[in-house]
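Spelled out from the first residue to the last, the chains are:
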Amino acid sequence: MISNSFLSRILIVNLINLFLFTGVSSAQPGALDSKFSTGSGFLFETGKSAAIYSMVLQPDGKIVVGGQFVSFNGNKCSHIVRLNADGSFDESFNTGFGFNNPVRTVSIQADGKIIAGGQFTSFDAKQQNHLLRLN
């Protein structure tokens, strides 16, 4: 027969492992997640505030952000950017010249393509009125 003392020790060891290996001990609900950092963040023009209008999470954990901005952490990105899961700039997402005006909404299709809608009339220096799809 197993003693209560032995079962108590097993329970304590399992709880310690739970806290150590799942991060539960440091995960305070509502507290800032220091592992997610956007650095200096979004900029628009001198004297004008940047704005985020829409964002969507991709299945791989990357985040597509649309809004009124022209750079993120010093990287040129006209009104749309993709961030890595840790909040850093995703250099593999190349939109060329980007949009000429704000992106108001972004959505991910089942096939992973990105739908963007907004006030723009061009994307990558080509006419595109208000709605387009990106690979």
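**Section: the pattern of salt bridges**
Applying the stated rule across the entire model yields four salt bridges. Of the charged contacts, one joins Lys48 and Glu45 as a salt bridge, the two residues approaching to 3.9 Å between their closest N and O atoms. Classification of Glu45 by relative accessible area gives partly exposed; the value is 43%. Two residues, Asp90 and Arg82, come together in a salt bridge whose shortest N-O distance is 2.6 Å. Arg82 shares its class with Asp90; the two are buried. Residues joined by salt bridges that share partners form a network here, namely Lys62, Arg82 and Asp90.

**Topic: the pairing of strand 6 (residues 80-83)**
Residues in a regular strand point their side chains to alternate faces of the sheet. Along strand 6, one buried face is formed by Ile80 and Arg82 and the opposite face, lined by Val81 and Leu83, is buried too. Across four bridges, strand 3 (residues 63-68) lies against strand 6 in antiparallel orientation. Counted as the bridge partner of Gly66 is Ile80 from strand 6.

**What about the pairing of strand 11 (residues 131-134)?**
Burial of strand 11 is one-sided: the residues Leu132 and Leu134 facing one way are buried, the residues Leu131 and Arg133 facing the other way are not. Where strand 8 (residues 114-118) and strand 11 come together, four bridges link them in antiparallel fashion. Looking at strand 11, one finds that Ala116 is bridged to Leu132.

**Quick look at the sheet that holds strand 6**
Pairing is antiparallel in the open sheet, where three strands are placed in the order 2-3-6. The open sheet has two edge strands, strand 2 (51-57) and strand 6, and neither has a second partner. Going from strand to strand, the sheet's axes swing by 25 degrees on average, the running direction of each strand aside.

**Quick word on the packing of aromatic side chains**
Applying the stated criterion across every chain yields a total of four aromatic pairs. When the ring of Phe99 is compared with that of Phe120, the centres are 4.4 Å apart and the planes differ by 50 degrees; the resulting orientation is tilted. You can see Phe99 sitting in the loop between strand 6 and strand 7 (103-108) and its partner Phe120 sitting in the loop between strand 8 and strand 9 (122-123), a full 21 residues away along the chain. Assessed through its relative accessible area of 0%, Phe120 is described here as buried. Summarising the aromatic geometry, the rings of Phe99 and Phe123 are spaced 4.8 Å apart at their centres and angled 55 degrees between planes, so their arrangement reads as tilted. One end of the pair, Phe99, is in the loop between strand 6 and strand 7; the other, Phe123, is in strand 9, with 24 residues separating them in the sequence. The pair Phe99 / Phe123 is uniform in exposure class, with both members buried. One aromatic cluster is present, built from ring pairs that chain together Phe42, Phe69 and Phe72.

Conventions and cut-offs
- Residues numbered from 1 in each chain as written.
- Predicted model: local features only at pLDDT ≥ 70, side-chain atom pairs only at ≥ 80, totals over all residues.
- Heavy atoms only, no water.
- Salt bridge = Lys/Arg side-chain N within 4 Å of Asp/Glu carboxyl O.
- Buried < 20%, exposed > 50% of the residue type's maximum accessible area, 1.4 Å probe, protein only.
- Helix = DSSP H or I, 4+ residues; strand = E, 2+ residues; numbered from the N terminus.
- Pairing = 2+ DSSP bridges.
- Axes fitted to C-alpha atoms, helices over the stretch in contact; angles between N-to-C directions.
- Phe/Tyr/Trp six-rings, centres within 6.5 Å; stacked < 30°, edge-to-face > 60°.

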